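Coordinates in review
Single-letter residue listing:
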Amino acid sequence: VLLFLAGRNMHNVEAITLFVKTVFRQLIQVYPDMRLLIGGSICNVLNESFKDERIVIHGEVSDLLKFYSLGDIVINPTVSGTGLKIKTFEAMAYGKIIIAHPHNTIGIYKKEEAPIFEAVNPDDYIKHIDFLLKNEKHMVNTKKESIKYIMDLNGIVQSRFIQAIEDID
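Read on for an overview of the structure.

What counts and how
Residues numbered from 1 in each chain as written. Predicted model: local features only at pLDDT ≥ 70, side-chain atom pairs only at ≥ 80, totals over all residues. Heavy atoms only, no water. Pairing = 2+ DSSP bridges. Helix = DSSP H or I, 4+ residues; strand = E, 2+ residues; numbered from the N terminus. Axes fitted to C-alpha atoms, helices over the stretch in contact; angles between N-to-C directions. Phe/Tyr/Trp six-rings, centres within 6.5 Å; stacked < 30°, edge-to-face > 60°. Buried < 20%, exposed > 50% of the residue type's maximum accessible area, 1.4 Å probe, protein only. Salt bridge = Lys/Arg side-chain N within 4 Å of Asp/Glu carboxyl O. Core = buried A, V, L, I, M, F, W, Y, C linked by side-chain atoms within 4.5 Å. Contact = heavy atoms within 4.5 Å. Left-handed = near helix turned anticlockwise from the far one by under 90°. Nonpolar A, V, L, I, M, F, W, Y, C, P; charged D, E, K, R; others polar. Polar contact = N/O pair within 3.5 Å; in protein donor to acceptor, adjacent residues only side chain to side chain. Expected span 1.5 Å × (residues − 1).

1. Some words on the sheet that holds strand β4 (residues 73–76)
Across a sheet, paired strands are connected by hydrogen bonds in the backbone, their directions being either parallel or antiparallel. Pairing within the open sheet is parallel, and its six strands lie in the order β3-β2-β1-β4-β5-β6. Looking along the sheet, the strands with just one partner apiece sit at the ends: β3 (55–59) and β6 (116–118). Geometrically, the sheet is characterised by an average inter-axis angle of 25 degrees between neighbouring strands, direction not taken into account. In the sheet, strand β1 (residues 2–5) pairs with β4 via two bridges, with the strands oriented parallel. Note on β4: the bridge partner recorded for Leu-3 is Val-74.

Structure below.
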């Protein structure tokens with residue numbers, strides 16, 4: 001099961017539409033049991049092209065732990081947009097493997113150490129997913145690295161927050 005959790009903005013809609021057309025349709029030829037689970041408010045705006053028994057439109061997600069427990073690999077194929085890469089960090093915090101377009105790694109903490117598989121084009125996504133599905137040990141290690149990365153990031157944030165509070169006094 002591949003996971004995608006997103007809001008309803010046009011960047012997310014365009015990204016998942018392109019992913020389904022250029023990546024997912026190829027993957028299910030090789031992995032016919034594969035599923036794509038889409039969650040979040042994006043589900044309210046997806047059109048008929050997503051009608052497929054292998055694409056599950058989950059809808060709004062009230063319990064992130066339950067949603068993220070439904071798969072191991074999270075995709076983040078958005079190629080534009082602004083702000084913090086919440087989908088990327090959130091998925092890592094739940095110990096998930098991330099395959100993301102490089103746009104989703106711009107400006108992140110210690111990018112070179114982030115356990116993120118970057119995918120520029122459909123072939124990259126297919127290559128990474130195929131590699132992960134055939135290498136369970138690597139999947140387990142990457143999930144551990146995701147949690148470690150977030151714990152390190154949280155430590156830095158906490159340290160800076162304490163420093164800022166101390167500077168106010």
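The discussion continues.
2. A word on the packing of aromatic side chains
Counted under the stated rule, the structure contains five aromatic pairs. Note on Tyr-68 and Tyr-94: the rings are 4.9 Å apart at their centroids and 25 degrees apart in plane angle, and the pair reads as stacked. Taken together, the positions of Tyr-68 in helix α2 (residues 64–68) and Tyr-94 in the loop between α3 (86–93) and β5 (97–100) put the pair 26 residues apart, joining distant regions of the chain. Overall, Tyr-68 belongs to the buried group, its relative accessible area being 2%.

3. Notes on the pattern of salt bridges
Taken as a whole and assessed by the stated rule, the structure comprises seven salt bridges. One network of salt bridges, in which partners are shared, links Arg-25, Asp-52 and Arg-54.

4. Some points on the nonpolar core
The tendency in soluble globular proteins is for nonpolar side chains to be buried side by side. Within the largest apolar cluster, 29 residues are counted, with the highest numbers of intra-cluster contacts made by Leu-2, Ile-16, Phe-19, Leu-36 and Ile-38. Sorting elements by how many residues they give to this core places helix α1 (residues 10–30) first, with seven residues. Contact partners of Ile-16, with chain neighbours within four places excluded, come to Phe-4, Leu-36, Ile-38, Ile-42, Leu-46, Phe-50 and Ile-75. Counting residues in hydrophobic clusters, the runner-up holds 19 residues, among them Phe-67, Tyr-68, Tyr-149 and Leu-153.

5. Considering the packing of α1 against helix α4 (residues 122–134)
How two helices pack is summed up by the angle between their axes together with the distance between the axes. For the pair α1 and α4, interaxial distance at closest approach is 9 Å and the crossing angle is 35 degrees. The element α1 and its partner α4 pack so that their crossing is right-handed. Seen from α1, the contacting residues are Phe-19, Thr-22, Val-23, Gln-26 and Leu-27; seen from α4, they are Pro-122, Tyr-125, Ile-126 and Ile-129. The residue makeup of the contact of α1 with α4, split by class, is seven nonpolar, two polar and no charged.

6. Some words on unusual backbone geometry
Positive phi values are uncommon outside glycine, yet Lys-110 reaches one of about 40 degrees. Tracing the backbone through its elements, the reader meets Lys-110 in the loop between β5 and β6. Residue classification places Lys-110 among the partly exposed residues on the basis of a relative accessible area of 32%.

7. What about the side chain of Thr-105?
Tracing the sequence through the fold places Thr-105 in the loop between β5 and β6. Within the structure, the side chain of Thr-105 is placed 3.2 Å from the side chain of Lys-111, a separation counted as a polar contact. Excluding residues that lie within four positions of it along the chain, Thr-105 makes contacts with Lys-111, Ile-116 and Glu-118.

8. Digging into helix α5 (residues 136–168)
With 33 residues, α5 extends 49 Å from end C-alpha to end C-alpha; this agrees with the ideal 48 Å at 1.5 Å per step. Buried within α5 are the following residues: Met-139, Thr-142, Ser-146, Tyr-149, Ile-150 and Leu-153. Turning to α5, the residues buried within the fold contact β4, α3, β5, β6 and α4.

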